[in-house]
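Chain and residue survey
Listed below, chain by chain, are the residues.
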Amino acid sequence: MANTEQEIFDFTVQVRYLIKKYGEMKEELRQLKSELEAQKRETADMETLANASMRDYEILKTAKMLEIGDNDLAATKKRVNKLIRDVDRCITLLTEQNSTQK
């Protein structure tokens, strides 16, 4: 009988150990689920931030393409004025050439 009582005691100890382990694992699972949800929220926030950054980048890139600086504007004006002078000279030369041929 002592042997049977010892087996029952050992079995009871093992069951209690398993119940304790089950409780620990259940708590660990709860913590892991909580961490997973936090990571999902953080990932969603990061995706939102990345998308906003990409939109901002595209807007800045477009604005940079449309930006005309003061130096660019002045250089463009000088170039257009030079082209107009060249065209005026050509017209003058053609007019003189036509008048001498008549």
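Refer to the structure above for everything that follows.
Rules used throughout
- Residues numbered from 1 in each chain as written.
- Predicted model: local features only at pLDDT ≥ 70, side-chain atom pairs only at ≥ 80, totals over all residues.
- Heavy atoms only, no water.
- Helix = DSSP H or I, 4+ residues; strand = E, 2+ residues; numbered from the N terminus.
- Buried < 20%, exposed > 50% of the residue type's maximum accessible area, 1.4 Å probe, protein only.
- Areas by Shrake-Rupley, 256 points an atom, 1.4 Å probe, with all protein chains shown as cover.
- Lys, Arg positive; Asp, Glu negative; His and termini not counted.
- Charge placed at Lys NZ, Arg CZ, Asp CG, Glu CD.
- Patch = residues over 30% accessible without salt bridge, like charges linked within 9 Å, V, L, I, M, F, W, Y side chains within 5 Å.
- Salt bridge = Lys/Arg side-chain N within 4 Å of Asp/Glu carboxyl O.

Remarks on the overall build of the protein
Each helix and strand in the protein was counted, giving two helices and zero strands. Overall, the C-alpha framework of the protein stretches about 145 × 25 × 15 Å when taken along its three principal axes. Every one of the 102 residues in the protein was classed for burial, and the buried ones make up 0%. Carbon and sulfur atoms make up 60% of the accessible area of the protein, which totals about 10000 Å². In the protein, 18 side chains carry a positive charge and 19 a negative one; their mean positions are 11 Å apart.

Here's the deal with a nonpolar patch on the surface
On the surface, a cluster of nonpolar side chains totalling about 300 Å² of accessible area is made up of Phe11, Val15 and Ile19. With respect to the helices and strands, isoleucine 19 occurs in helix α1 (residues 2-66). Its relative accessible area of 56% is what places isoleucine 19 among the exposed residues.

Observations concerning the pattern of salt bridges
Counting across every chain of the model gives six salt bridges. Glutamate 27 is the partner of arginine 30 in a salt bridge, and the nearest nitrogen-oxygen pair spans 2.5 Å. Linking arginine 30 with glutamate 27, this pair stays in helix α1, spanning three residues, or about one helical turn. Classification of glutamate 27 as partly exposed rests on a relative accessible area of 34%. One salt bridge connects glutamate 37 with lysine 40, and the closest N-O pair in it is separated by 3.9 Å. With glutamate 37 and lysine 40 both in helix α1 and three residues apart, this pair spans about one turn of that helix.

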